[in-house]
Amino acid sequence: RRVELLLEMRVLAPIIAMLALPMAALAKAADPTECEVCIAVLNSVDGLIAKDKKNDLPSIEAGIDKYCNGGGLGPKEKKMCYYMEPIKRSVAQPFSLKMPKDRVCKRLKKDNDAICDVSL
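Residues numbered from 1 in each chain as written. Predicted model: local features only at pLDDT ≥ 70, side-chain atom pairs only at ≥ 80, totals over all residues. Heavy atoms only, no water.

> Help me out: how do you make sense of the packing of helix α2 (residues 36–48) against helix α6 (residues 101–111) in this one?
When two helices pack together, their arrangement is captured by the angle between the axes and the distance separating the axes. For the pair α2 and α6, the least separation of the axes is 9 Å and the interaxial angle reads 120°. When the interaxial angle is binned, α2 and α6 end up oblique. Here the hand of the crossing between α2 and α6 comes out right-handed. Within the contact between the two elements, α2 uses C38, I39, L42, N43 and D46 and α6 uses K101, D102, V104 and C105. Tallied by class, residues from the contact of α2 with α6 come to five nonpolar, one polar and three charged. (Axes fitted to C-alpha atoms, helices over the stretch in contact; angles between N-to-C directions. Helix = DSSP H or I, 4+ residues; strand = E, 2+ residues; numbered from the N terminus. Parallel < 35°, antiparallel > 145°, perpendicular 65-115°, else oblique. Left-handed = near helix turned anticlockwise from the far one by under 90°. Contact = heavy atoms within 4.5 Å. Nonpolar A, V, L, I, M, F, W, Y, C, P; charged D, E, K, R; others polar.)

Put into structure tokens, the structure is as follows:
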């Protein structure tokens, strides 16, 4: 009887695992509002950088400075600048590699959860 039970478990375990995989993917589905302020700020910074300088770390850092010191920012954008200005190089590095803005923000979130806690 034990042998039959072990054989049954060997057959059922992969089936259960295959059924659980889509459930895990659904649970991990991206929230469209996650990191929305971070993404919006990076898109604005991107617009301030000359096309031929988008791979240049100092130019990206200067773009962050220009955006954050330009005035006319709302409280959420100011808060994002507060988080980003000390880590400009960490922001600029993946940005310069043309990494999608949401991935840049999620990478920054690993170091500081507050990056993605600011919401519109």
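Structure shown, so let's carry the discussion forward.
> Mind showing me how you'd approach the state of the cysteines here?
Any covalent bond linking the sulfur atoms of two cysteines counts as a disulfide. Overall, the coordinates contain three disulfides when judged by the stated rule. A disulfide bridge connects C38 with C105, and the sulfur atoms are separated by 2.0 Å. Of note, the bridge from C38 to C105 carries an S-S torsion of about -95° and is left-handed in sense. Placement of C38 in helix α2 and of C105 in helix α6 is noted, with a sequence separation of 67 residues between them. We classify C38 as buried; its relative accessible area is 0%. Paired through a disulfide, C68 and C81 show a sulfur-sulfur distance of 2.1 Å. Its torsion about the S-S bond being -85°, the disulfide of C68 and C81 is classed as left-handed. Remark: C81 occurs in helix α4 (residues 75–84) and C68 occurs in helix α3 (residues 57–69); sequence separation between them is 13 residues. Taking the relative accessible area as the measure of exposure, C68 reaches 13% and is therefore buried. Along the chain, the cysteines engaged in disulfide bonds are linked according to the scheme 1-6, 2-5, 3-4 when indexed in sequence order. (Disulfide = S-S within 2.5 Å. Buried < 20%, exposed > 50% of the residue type's maximum accessible area, 1.4 Å probe, protein only.)

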